[in-house]
Amino acid sequence: MKILYGVQSTGNGHISRSRALAKQFEKYPNLEVQWLFSGRPRESLFEMSSFGDYWWREGMTFIHSHGRLNSFATLRNINAVRFIKDIRTLPVNNFDLIISDYEPVTAWAAKFKKKRSIGIGHQYAFEFPIPAPRNKWASRTVLRSFAPTQESIGLHWHHFGNPILPPIVPQKSELSQELGEHILVYLPFEQPIPMLDELSRLPYRFIVYGIPHNLPTSSNIQVKAPSINGFQKDLATSKAVICNSGFELLAETLALGKPILSRPLANQFEQEANAKALDQLKLATIVKQINAYTIDKWLANCPPPLRIVWPDVAQSLGNWIASGCRQSPAELSSQLWRKVVPKPVAEAAPVFQRISE
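Please read these numbers as outputs of a predicted model, since none were measured by experiment. (Residues numbered from 1 in each chain as written. Predicted model: local features only at pLDDT ≥ 70, side-chain atom pairs only at ≥ 80, totals over all residues. Heavy atoms only, no water.)

### As for the overall build of the chain
Our working rule: Each helix is a run of H or I in the DSSP string that is no shorter than four residues. Each strand is a run of E no shorter than two, and both are numbered from the N terminus. Every radius of gyration here is taken over C-alpha atoms, with the globule rule written as 2.2 Å times N^0.38, N being the number of residues. Only protein chains enter the accessibility calculation, which uses a 1.4 Å probe; a residue is then buried when its area is under 20% of its type maximum, exposed when over 50%, and partly exposed in between. Note on definitions: a residue-residue contact is assigned when non-hydrogen atoms from the two residues lie within 4.5 Å.
Secondary structure summary: the chain contains 12 helices and 16 strands in total. In summary, the chain has a C-alpha radius of gyration of 20 Å against a globular reference of 21 Å for 357 residues, a match within 12%. Going through the 357 residues of the chain one by one, you find that 53% of them count as buried. Residue pairs at least 24 apart in sequence account for 67% of intrachain contacts in the chain once pairs closer than 6 positions are excluded.

### Considering the sheet that holds strand β13 (residues 260–263)
Threshold: Note on pairing: two strands pair once DSSP finds at least 2 bridges between them. Axis geometry follows a simple rule: fit a line to the C-alpha atoms, using only the stretch in contact for helices, then measure angles between N-to-C directions, giving values from 0 to 180 degrees.
Overall, parallel pairing links the six strands, which are arranged β11-β10-β9-β12-β13-β14 in an open sheet. Lying at the two open borders of the sheet, with one neighbouring strand each, are β11 (221–223) and β14 (285–286). Sheet topology note: the strand β9 (residues 182–186)/strand β10 (residues 205–209) ladder contains five bridges and is parallel. Within β10, the position partnered with Ile183 by the bridge is Phe206. Seen against the sheet, helix α7 (residues 228–237) touches β9, β10 and β12 (240–244) and runs at an angle of roughly 130° to β9.

### Focus: the side chain of Asn274
Definition in use: Here a polar contact means two N or O atoms within 3.5 Å. Within protein one must be a hydrogen donor candidate and the other an acceptor candidate, and residues neighboring in sequence count only if both atoms are side-chain atoms.
Assignment of secondary structure puts Asn274 in helix α9 (residues 269–281). Of the residues examined, Asn274 reaches a relative accessible area of 0% and is grouped as buried. Only 2.8 Å separates the side chain of Asn274 from the backbone oxygen of Ser245, close enough to count as a polar contact. When sequence neighbours within four positions are dropped, the list of residues in contact with Asn274 reads His122, Phe126, His156, Trp157, Ser245, Gly246 and Phe247.

### Regarding α7
Taken together, the buried positions of α7 are occupied by Phe231, Gln232, Asp234, Leu235, Ala236 and Thr237. Considering only its buried residues, α7 is in contact with β9, β10, β12 and α8 (247–256). Two or three places before Gly230, at the start of α7, stands the capping residue Ser227, its side-chain oxygen 3.0 Å from that residue's backbone nitrogen.

### Observations regarding the packing of aromatic side chains
Here a ring pair, both rings aromatic, is described through the centre-centre distance and the interplanar angle of the planes. The following threshold applies: Aromatic pairs are defined between Phe, Tyr and Trp rings, using the six-membered ring for Trp, whenever the two ring centres lie within 6.5 Å; interplanar angles under 30 degrees are classed as stacked, those over 60 as edge-to-face, and all others as tilted.
Across all of its chains, the model carries 16 aromatic pairs by this definition. Between Trp55 and Phe95 the ring centres are 6.0 Å apart and the planes differ by 80°, which places this aromatic pair in the edge-to-face class. Placement of the pair is Trp55 in strand β3 (residues 55–57) and Phe95 in the loop between α3 (80–89) and β6 (97–101), with a sequence separation of 40 residues. The partly exposed category is assigned to Trp55, whose relative accessible area is 24%.

### Overview of the environment of Gly257
Inspection of the secondary structure assignment puts Gly257 in the loop between α8 and β13. On the accessibility criterion, Gly257 (6% relative accessible area) is buried. As a C-alpha pair, Gly257 and Leu283 span 26 residues in sequence and 9.8 Å in three-dimensional space.

### Considerations on the packing of helix α1 (residues 12–25) against α8
Rule in force here: The scheme is simple: roughly parallel for angles under 35 degrees, roughly antiparallel for over 145, roughly perpendicular for 65 to 115, oblique for anything else. Residues are grouped as follows: Ala, Val, Leu, Ile, Met, Phe, Trp, Tyr, Cys and Pro are nonpolar; Asp, Glu, Lys and Arg are charged; every other residue, Gly included, is polar.
With their axes 7 Å apart at the nearest point, α1 and α8 run at an angle of 55° to one another. Our classification of the angle between α1 and α8 gives oblique. From α1, Gly13, Ser16 and Arg17 reach across to α8, where they touch Phe247, Glu248 and Glu252. Grouping the amino acids of the contact of α1 with α8 by side-chain chemistry returns one nonpolar, two polar and three charged.

### Describing the side chain of His156
Along the chain, the position of His156 falls in the loop between β8 (151–154) and β9. If we skip the residues at most four places from it in the chain, His156 touches His122, Ala125, Ile130, Ile164, Leu165, Pro166, Pro167, Phe247, Asn274, Ala277 and Trp337.

### Let's talk about the nonpolar core
Condition: By nonpolar core we mean a set of buried residues, namely Ala, Val, Leu, Ile, Met, Phe, Trp, Tyr and Cys, connected to one another through side-chain atoms within 4.5 Å.
Counting 87 residues, the largest nonpolar core has Tyr5, Trp35, Phe37, Trp157, Trp310 and Leu317 as its most contacted members. Setting aside chain neighbours within four positions, we find Phe37 in contact with Val7, Ser9, Ile15, Leu45, Met48, Phe51, Tyr54, Trp55, Trp56 and Arg57. Listed in part, the 24 residues of the second largest apolar core include Val185, Leu187, Leu199 and Ile211.

### Regarding the pairing of β13
Note the threshold: By convention a crossover is right-handed if, when the strands point away from the viewer, the path from the first strand over the helix to the second runs clockwise.
Side chains Ile260 and Ser262 project from β13 onto one buried face, and the interleaved Leu261 and Arg263 project onto a second face that is buried too. Across four bridges, the pairing between β12 and β13 is parallel. Residue pairing for β13: Ile242 is matched across the bridge by Leu261. Between the parallel elements β12 and β13, the chain passes through α8 in a crossover that is right-handed.

### Some points on the pairing of β9
Among the five residues that make up β9, four are buried, leaving the element largely enclosed by the rest of the structure. Traced from β9 through helix α6 (residues 192–200) to β10, the parallel crossover comes out right-handed. Here four bridges tie β9 to β12, and the two strands are oriented parallel to one another. Pairing of Tyr186 across the sheet is with Cys243, part of β12.

### Description of the packing of α1 against helix α11 (residues 313–322)
Filter applied, for reference: Handedness of a crossing is defined here by the sense of rotation of the near helix relative to the far one, left-handed for an anticlockwise turn of less than a right angle and right-handed for a clockwise turn.
It is the contact of α1 with α11, at a shortest axis distance of 9 Å, that shows an interaxial angle of 55°. Between α1 and α11, the angle is such that the two are oblique. Note on packing geometry: the crossing formed by α1 with α11 is right-handed. For the pair α1 and α11, contact is made by Ala20, Leu21, Gln24 and Phe25 and by Ala314, Gln315, Leu317, Gly318 and Ile321, respectively. Class assignment for the residues of the contact of α1 with α11 results in six nonpolar, three polar and no charged.

The structure is reproduced here in structure tokens:
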């Protein structure tokens, strides 16, 4: 079976779960998968060896500034002529199945040419009644029409009574290392200089990703360049995580049982919905601003974290796709959620060592 698999590469989460699926696809000689990425300049993609000779298209992406979604800049940034041309010229008829991880070029090309298409990703969970901001019908409409598919598999941290699958997270057995003293910070949409200034006011050690790594910092902060293995190691050995409300990183953090402080991007429907779900499920502390005061208050009252043992969803999806996608999403969802195990990490709340001590 020949598959064209499109991936929205604006954020690293889509690529992360696609790597896990690419590893599973290698087990099935009957699958021939052509990967396509859009939403980020090709030169900005890194560590892409898992995807072979992948295709790239410009696609569409959301523009953020000062921690908010900039709707005007997003619309202005769309190259409509090129987008339509990419849809019309994409050779979807050469494939048996089109899969989209919220990637618009493959999704719309399949729609116009009436090819079978399946959406796999977090955004497709919003087709069901799950926690989300109220009275934002325009944002919900844009979310659902960005990369439409004939069928869909939504992913979330909870099923909320719907045929949604658990998240796809890398297996962490090889990352079982001693706990460090640092707090991992991943806030790529915040203003970096003010953020570093706030972190420098606190007596804790921070490792920061997602901002220019050549910025001057204080002695308690280490800024690192993008690195899959380095990031995974620092995440696994961290004592806590500070991040925006993107789906995939939070799923991996919950799998490791780390306390989470999260701020959703303002005016970004998906992140606001994720924050609402996290708060409802009591999986993280949600704040409107991340600064020295909110971080210090969170660390002083940090509750015992919960580690969620997710099943190997990538393995199940790989088998499902290789078998022709015959099993219903509802059956697949029921099977996987029976394997989800929440475990308290410790009886007591974590202790954060102050540098001065």
